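Structural features, examined
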Amino acid sequence: MSERPDDDRLEELRQKKLEQLQDQQEGGGAGGAEEAQQRQQQQADAQKKAMLRQHLTDGARKRLNSVRMSKPDFADQVERQVLALAQSGRIQGKIDEEKMKALLKELQPDQQSFDIKRR
């Protein structure tokens, strides 16, 4: 009879351990997919930064970072445009600060000017 309580206790511990493992797998399964997605995102960001470093001079990168501070969406659009130009092979050499200014001016949405006349 002394073995029976130990067997019950052992079975109870096994059940708890099994439940813990199942909880970890359920939580870890979603977390694992999430981690894989984060790793892919980080890898894509690293590739994008490497391509930008390859095709932009330091001055052009600084100008793009300045634009990013005030207009992050516009800076993303410019980055996509630069990457598209690079992938299509339409960039010879590196984009310097003057070329970046021209590109920014070209991609900048038309601004309406308002003339206010006082009577």
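In case you missed it, the structure is sitting above this.
A few points on the structure. Remember, it's a predicted structure, so these values are computed and weren't measured experimentally.

Okay, helix H2 (residues 58-70) next. The end-to-end C-alpha distance of H2, which contains 13 residues, comes to 19 Å, matching closely the 18 Å that a straight helix rising 1.5 Å per residue would cover. Buried within H2 we find Ala60, Leu64 and Val67. One side of H2 carries all its buried residues, which in axial view fall inside an arc of 55°. Across H2 from its buried face, at more than 90 degrees, point the exposed residues Lys62 and Met69. Along its buried surface, H2 packs onto helix H3 (72-88) and helix H4 (97-107).

The next subject is the packing of H2 against H4. At a minimum axis distance of 7 Å, the contact between H2 and H4 shows a crossing angle of 35°. The hand of the H2/H4 crossing is right-handed. Residues Gly59, Ala60, Arg63, Leu64 and Val67 of H2 form the contact with H4, whose own contacting residues are Glu97, Met100, Lys101 and Leu104. The class makeup of the residues in the contact of H2 with H4 is five nonpolar, one polar and three charged.

What follows is about the nonpolar core. Within the largest apolar cluster, 18 residues are counted, with the highest numbers of intra-cluster contacts made by Leu56, Val78, Val82 and Met100. Secondary structure elements with two or more residues in this core: H2, H3 and H4. The dominant element in this core, judged by the number of residues it contributes, is H3, at seven residues. Contacts of Leu56, omitting those with residues within four sequence positions, involve Arg61, Leu64, Val82, Lys94, Ile95 and Met100.

Here the focus is the pattern of salt bridges. Any two side chains of opposite charge can pair, given that their charged atoms come close. Across all of its chains, the model carries nine salt bridges by this definition. Two residues, Arg14 and Glu11, come together in a salt bridge whose shortest N-O distance is 3.9 Å. Residue Arg14 and its partner Glu11 are both found in helix H1 (residues 3-55); the two are separated by three residues, about one turn of the helix. Among the salt bridges present, the one from Glu97 reaches Arg63, with a minimum N-O distance of 2.7 Å. Highlighted residues: Glu97 in helix H4 and Arg63 in helix H2, separated in sequence by 34 residues. According to the relative accessible area criterion, Glu97 is partly exposed, its value standing at 31%. Residue class for Arg63 comes out partly exposed when judged on its relative accessible area of 28%. One network of salt bridges, in which partners are shared, links Lys48, Arg68, Asp76 and Glu79.

Reading the values: rules and limits
Residues numbered from 1 in each chain as written. Predicted model: local features only at pLDDT ≥ 70, side-chain atom pairs only at ≥ 80, totals over all residues. Heavy atoms only, no water. Helix = DSSP H or I, 4+ residues; strand = E, 2+ residues; numbered from the N terminus. Expected span 1.5 Å × (residues − 1). Buried < 20%, exposed > 50% of the residue type's maximum accessible area, 1.4 Å probe, protein only. Arc of directions from axis to C-beta. Contact = heavy atoms within 4.5 Å. Axes fitted to C-alpha atoms, helices over the stretch in contact; angles between N-to-C directions. Left-handed = near helix turned anticlockwise from the far one by under 90°. Nonpolar A, V, L, I, M, F, W, Y, C, P; charged D, E, K, R; others polar. Core = buried A, V, L, I, M, F, W, Y, C linked by side-chain atoms within 4.5 Å. Salt bridge = Lys/Arg side-chain N within 4 Å of Asp/Glu carboxyl O.

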